[in-house]
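Understanding the architecture of this molecule
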Amino acid sequence: MAMNNTNNLPDILGKKIFFLHPSAAVQNEIITELVQQEYEVYIVKDQAALIKVLKRYANAIVFADIDEGMGEKDWEAWIRGVLNNPETGQVCVGVLSVNGDEVLRRKYINSVKVQGGYTVLKADINSVIKQVADILKALDAKGRRKYIRATTENESLTTVNLPVNGTFVNGTIKDISVVGFSCSFEVDPELTKNALFQNIQIKLQTMLLKAEGIIFGSRMDGPAKIYVVLFTQRIDPDARARIRKYIQQNLQAKINVELK
């Protein structure tokens, strides 16, 4: 019966959005933009592995690109299989295709009964992005969560340098969003609440960012002191975009482990 407890979680945390067999155009244009709009988006190219993962995330949303990966009849069978399986029947499926044939569209909407719509991939990519974003809003994909966060506990290449008293102290980032991050230091630099740091250097794997932040507070996690730093409004929009890109890569790597 423990499953019932997780059913309310997506309302708070938002829903996972899987693009199954997305074309290069879908990946480069639509998914990139949805990541910047703070949706939790994943790319999957193995429909059998995805079924196993969907049993764990019953409130997920799947956009199936039916022009890729399988023939249309196999796609129809796969989607019906997801919707008719008691373990995955709560998953919301939408269809993407360059095929604007009305008979095909009606089949998926009226007969297969996909809840995520039938989106025709047109040359006007901005209208397609808007259509997909509108579907995600209607499905309450974000829940009450405003920003996506990545936990970086076991990543040695995710660090922060803070300028303290004329020298840089090096810390480890614990989690990050476009709002701010939490971090710890081997030796506590005893940072004071509301202190402003203008030249924070953040390393996210191979990405180097500079930011300005304020110490929001701290908490103890066992013997370690965790500081929470909020970015100021002066953070560069390009830095925000790169943080979102990093978060998507971080989350994707974790889902890839589950898909194996």
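That block above? That's the structure.
What you are looking at is a predicted structure, and each value in this text was computed from that prediction instead of being measured. Counting from 1, residues in each chain are numbered in the order their sequence is written. Under the rules for a predicted model, residues below a pLDDT of 70 receive no local features and side-chain atom pairs below 80 are neither given nor counted, while totals for whole chains, interfaces and linings still include all residues. Side-chain numbers here rest on the full set of heavy atoms in the structure, without hydrogens or water.

Take the packing of aromatic side chains next. Geometry of an aromatic ring pair is reported as the spacing of the ring centres plus the angle between the planes. Geometry of aromatic contacts follows a simple scheme: Phe, Tyr and Trp rings, the Trp one being its six-membered ring, pair when their centres are within 6.5 Å, and the pair is stacked under 30 degrees between planes, edge-to-face over 60, tilted otherwise. All chains considered together, the criterion is met by 6 aromatic pairs. With centroids separated by 6.1 Å and ring planes inclined at 35°, the aromatic side chains of Tyr108 and Tyr118 adopt a geometry described as tilted. You can see Tyr108 sitting in helix α6 (residues 102–111) and its partner Tyr118 sitting in strand β5 (residues 118–120), a full 10 residues away along the chain. Residues Tyr108 and Tyr118 agree in their burial class; the two are buried. Two thresholds decide whether a charge sits over a ring: the Lys NZ or Arg CZ must be within 6 Å of the ring centre and within 35 degrees of the ring normal. The aromatic ring of Tyr39 is capped on one face by Lys142, whose charged end is 4.7 Å from the ring centroid. Elements are defined by DSSP. Helices are runs of H or I of four residues or more, strands are runs of E of two residues or more, and each kind is numbered from the N terminus. Only protein chains enter the accessibility calculation, which uses a 1.4 Å probe. A residue is then buried if its area is under 20% of the maximum for its type, exposed if over 50%, and partly exposed in between.

If you look at the biggest cluster of nonpolar residues, it comprises 59 residues, and the most contacted ones within it are Phe18, Trp78, Ile79, Tyr108, Phe181 and Ile202. The dominant element in this core, judged by the number of residues it contributes, is helix α8 (residues 237–259), at 7 residues. Each residue touching Phe181, except ones within four places of it in the same chain, is listed here: Val160, Ile173, Asp175, Ile176, Ile200, Ile202, Tyr227, Val228, Val229 and Phe231. Nonpolar cores are built from buried Ala, Val, Leu, Ile, Met, Phe, Trp, Tyr and Cys residues. Side-chain atoms within 4.5 Å join them into one set. By size, the runner-up hydrophobic cluster in this structure holds 23 residues, among which are Phe63, Cys92, Ile129 and Leu139. In what follows, residue pairs with any heavy atoms lying within 4.5 Å of each other are defined as contacts.

For this document, the term salt bridge refers to a Lys or Arg side-chain nitrogen within 4 Å of an Asp or Glu carboxyl oxygen. Within the structure shown, the criterion is met by 16 salt bridges. Here Arg80 and Glu76 are joined by a salt bridge, their closest N and O atoms 2.9 Å apart. Placement of the pair is Arg80 and Glu76 together in helix α5 (residues 72–84), with a separation of 4 residues, close to one helical turn. Across the pair Arg149 and Asp175 runs a salt bridge whose closest N-O atoms are separated by 2.8 Å. Pair noted here: Arg149 is in the loop between α7 (125–138) and β6 (150–151) and Asp175 is in strand β8 (residues 167–176), with a separation of 26 residues, a long-range link. Taken together, the shared-partner salt bridges in this structure form one network comprising Glu72, Lys73, Glu76, Arg80 and Lys107.

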